[in-house]
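Here is how the chains run, residue by residue.
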Amino acid sequence: MKVKKAVFPVAGLGTRFIPATKAMAKEMLPVVDKPIIQYAVEEAFQAGIEQIIFVTGRGKKALEDHFDRSFEIEHALEHKGKSDLLKQIQELVPKTGTIVYTRQNQPLGLGHAIWCARDIVGDEPFAVLLADDLIQTDKPVLSEMVKKFDRLRASMAAVMEVEKEQTDKYGILDATCVEDDIVRIDDMIEKPSPEEAPSNLAIIGRYILMPKIFEYLGRRKKGAGGEIQLTDAMKILLKEQPIFGYKFNGKRFDCGDKAGFQMANLAFALERPDIRNRLIKFIRDVEKDF
Ligand code: G1P
């Protein structure tokens, strides 16, 4: 029952970032100097994941190339004696055979994207990471969830409280607190209006799921926004298995949103000693004009 595989739904068109995403995968947009997707992939490997499953779509070639060797760049860096950079780009390429690609050929929703990975995942628990949810923390969320999973042996999702007016952007829970940082989910609903929402506790894009979920995803029932929703399949799973929520510690940025993406850039840049001081000076200068 070890969690060895992680599914990354990356087929989205990124229309909110047009024109930047017209010819480039939105997951390749950089936060400071690293594509969004690389943060999530590093988090997965750090949590002991052995196989990355990308559910891609058309126009995602840059993403595939990013995790492959680049002989041209390697050659140029070697030639210029830039050994640090050379090491960096060589290290980001996972071991051959640890990345698998499949395609979601129709945009039918998150639930459908995950269902596309069913044969690659097989009959074992697996993780799902939504790269748009970038989390700044000293306790990487998936690693913590894997530890909890080893003890609880049940599906779980990362959760956090959101503003009540924002519930229609998330899967929202009705849940009971069972430990300091763990809730047991009693019910869940995808993107409810603030009036309908049972709480303001929202699912954030890290999951560990039991393979039984594929059976319910396979029913292809449309939910919120006319899409096949993961939350709806989890709601059915809940009738026969417990599902927990992990209240992580840290700041979460929604990189699928323009303001969230800028905030992520600023927050992660402020962690870099080489640029931090210049940024702080700039922020202080700009602030004077508000
Ligand atoms: C997805 C899930 C939702 C979850 C959210 C977290 O929604 O469907 O339940 O709360 O991710 O970011 P999306 O952001 O893809 O609309």
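Residues numbered from 1 in each chain as written. Predicted model: local features only at pLDDT ≥ 70, side-chain atom pairs only at ≥ 80, totals over all residues. Heavy atoms only, no water.

A. Structural detail: the packing of aromatic side chains. A complete count under the given rule lists seven aromatic pairs for this structure. Ring centres of phenylalanine 126 and phenylalanine 214 lie 4.9 Å apart, and the angle between their planes is 10°; on these two criteria the pair is classed as stacked. Note that phenylalanine 126 is positioned in strand E6 (residues 126-129) and phenylalanine 214 in helix H8 (residues 213-217), a separation of 88 residues in sequence. You'll find phenylalanine 126 and phenylalanine 214 in the same group, each marked buried. Seen in terms of ring centroids, phenylalanine 253 and phenylalanine 268 are 6.3 Å apart; in terms of plane orientation they differ by 65°. Their pairing is edge-to-face. One end of the pair, phenylalanine 253, is in strand E13 (residues 251-254); the other, phenylalanine 268, is in helix H10 (residues 258-269), and 15 residues separate them in sequence. A relative accessible area of 8% places phenylalanine 253 in the buried class. By way of ring pairs, the aromatic residues Phe8, Phe54, Phe67 and Tyr101 are connected into one cluster. The ring of tyrosine 39 has lysine 34 sitting right over it, with the charged end atom 4.6 Å from the ring centre. (Phe/Tyr/Trp six-rings, centres within 6.5 Å; stacked < 30°, edge-to-face > 60°. Helix = DSSP H or I, 4+ residues; strand = E, 2+ residues; numbered from the N terminus. Buried < 20%, exposed > 50% of the residue type's maximum accessible area, 1.4 Å probe, protein only. Lys NZ or Arg CZ within 6 Å of the ring centre and 35° of its normal.)

B. How the structure looks around the nonpolar core. Counting 55 residues, the largest nonpolar core has Phe8, Val31, Ile37, Phe54 and Leu142 as its most contacted members. When residues in this core are grouped by element, the largest group, six residues, is from helix H1 (residues 36-46). Beyond its immediate sequence surroundings of up to four residues, phenylalanine 54 is in contact with Phe8, Val10, Ile37, Val41, Leu63, Phe67, Ile99, Val100, Tyr101 and Thr102. Residues Val7, Val55, Phe214 and Leu237 belong to the second largest nonpolar core, which totals 32 residues. (Core = buried A, V, L, I, M, F, W, Y, C linked by side-chain atoms within 4.5 Å. Contact = heavy atoms within 4.5 Å.)

C. Layout of the environment of valine 159. Position of valine 159 among the secondary structure elements: in strand E8 (residues 155-161). Placed 24 residues apart in sequence, valine 159 and valine 183 show a C-alpha to C-alpha distance of 9.0 Å. Residue contacts for valine 159: discarding those within four places in its chain leaves Leu173, Val183, Leu201, Ala202, Ile203, Ile204, Gly245, Tyr246, Lys247 and Phe248.

D. Highlighting the side chain of arginine 206. Mapped onto the fold, arginine 206 is located in strand E11 (residues 201-209). Of the polar contacts made by the side chain of arginine 206, one reaches the side chain of glutamate 43; its length is 2.9 Å. Beyond its immediate chain neighbours, meaning those up to four positions away, arginine 206 contacts Glu43, Val128, Leu129, Leu130, Asp133, Ile135, Val141, Met145, Met156, Ala157 and Ala158. (Polar contact = N/O pair within 3.5 Å; in protein donor to acceptor, adjacent residues only side chain to side chain.)

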